[in-house]
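Here is how the chains run, residue by residue.
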Amino acid sequence: MSVRINPSILAADFVNLERELGRIATADLVHVDVMDNHFVPNLTFGPQMVGRLQDVSPLPLDVHLMIDDPGRWAPGYAELGAYSVTFHAEATGDPVAVARSLRAIGARAGLALKPGTPVEGYLELLPEFDQVLVMTVEPGFGGQRFMAETMPKLGLLRAAVGERDIWLQVDGGVDEETIVTAAQAGADTFVAGSAVFRADDPAAQIERLREIAAAHSHV
Ligand code: DX5
Ligand code: ZN
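Rules used in this analysis
- Residues numbered from 1 in each chain as written.
- Chains lettered and ligands numbered in written order.
- Predicted model: local features only at pLDDT ≥ 70, side-chain atom pairs only at ≥ 80, totals over all residues.
- Heavy atoms only, no water.
- Buried < 20%, exposed > 50% of the residue type's maximum accessible area, 1.4 Å probe, protein only.
- Helix = DSSP H or I, 4+ residues; strand = E, 2+ residues; numbered from the N terminus.
- Pairing = 2+ DSSP bridges.
- Right-handed = clockwise from strand over helix to strand, strands pointing away.
- Near = heavy atom within 4 Å.
- Areas by Shrake-Rupley, 256 points an atom, 1.4 Å probe, with all protein chains shown as cover.
- Nonpolar A, V, L, I, M, F, W, Y, C, P; charged D, E, K, R; others polar.
- Contact = heavy atoms within 4.5 Å.
- Polar contact = N/O pair within 3.5 Å; in protein donor to acceptor, adjacent residues only side chain to side chain.

(A) Quick peek at the pairing of strand 4 (residues 84-88). Burial of strand 4 is extensive: 5 of the 5 residues sit out of reach of the surface. Burial of strand 4 is two-sided: the residues Ser 84, Thr 86 and His 88 facing one way and the residues Val 85 and Phe 87 facing the other way are all buried. Across 4 bridges, the pairing between strand 3 (residues 61-66) and strand 4 is parallel. The residue bridging Leu 65 from the neighbouring strand is Phe 87, located in strand 4. Handedness of the β-α-β unit built from strand 3, helix 3 (residues 70-79) and strand 4 comes out right-handed. Where strand 4 lies against strand 5 (residues 108-113), 5 bridges are found, and the strand directions are parallel.

(B) Representation of the site of ligand 1 within the structure. Within the structure, ligand 1 sits among 20 residues, and Ser 8, Gly 140, Asp 171, Gly 193 and Ser 194 are positioned closest to it. Bound to the protein, ligand 1 loses 98% of the 380 Å² it would expose on its own. Within the residue set of the shell around ligand 1, elements represented by two or more residues are strand 2 (30-35), strand 3 and strand 8 (189-192). In terms of residue class, the shell around ligand 1 is built from 8 nonpolar, 10 polar and 2 charged.

(C) Structural detail: the environment of Arg 103. Looking at the secondary structure, you find Arg 103 in helix 4 (residues 95-105). Along the primary structure Arg 103 and Ala 199 are separated by 96 residues, whereas in three dimensions their C-alpha atoms are 35 Å apart. What Arg 103 contacts, discounting residues up to four positions off in sequence, is Ala 109, Pro 127, Glu 128, Phe 129 and Asp 130. Within the structure, the side chain of Arg 103 is placed 3.0 Å from the backbone oxygen of Pro 127, a separation counted as a polar contact.

Structural data, given as structure tokens:
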């Protein structure tokens with residue numbers, strides 16, 4: 001089993017996104033943060049932009065929906081061709097229905113948990129999902145401090161996942177140091193915005209993060 005590095009284009013230059021995608025072509029997937037200014041106090045882009053990213057990206061899209069009412073909106077991102085679509089547990093009363101709608105279209109279904117959301121109530125739903133995103137910052141903005149207090153959730157998830165092909169993702173404040181903590185706790189998929197796009201050489205930084213994560217991963 002290998003680790004994945006998914007750069008977040010939230011930290012990229014929004015008016016040069018095609019060029020920015022070229023700078024991270026050695027990554028595994030491109031993490032695309034969709035924010036609606038309701039679920040989180042920030043606004044990024046919607047289906048039209050994600051559709052164009054899908055058209056030009058050399059890498060599959062890992063769409064992270066920080067939006068209200070994913071039951072209504074999430075399937076549209078799967079229909080655009082996103083490889084994975086992750087929505088927030090806090091935004092829906094029926095995560096299983098949303099996950100099934102995504103899988104029916106052919107996308108991997110992801111469940112995201114804010115730092116304050118306990119994982120226990122979701123462990124029995126794992127068969128419905130292809131990845132779980134443990135937020136390591138409050139969603140909404142890049143460049144925040146990694147919250148190590150979220151790591152026990154990864155341990156519970158790793159134990160519950162067992163041999164299944166369910167990716168465990170961390171997102172927020174991931175850099176060369178905190179990626180060690182997350183890998184040791186059980187993560188195998190690492191979103192990094194600032195740490196990649198603010199590096200002088202994003203490709204070299206991706207490789208560095210991948211090597212560090214692989215060295216400390218126990219999956
Ligand atoms: C935060 C987003 C993250 C963000 C991470 O709400 O979900 O994907 O881009 O940015 P960094 O790596 O800078 O913390
Ligand atoms: Zn994200």
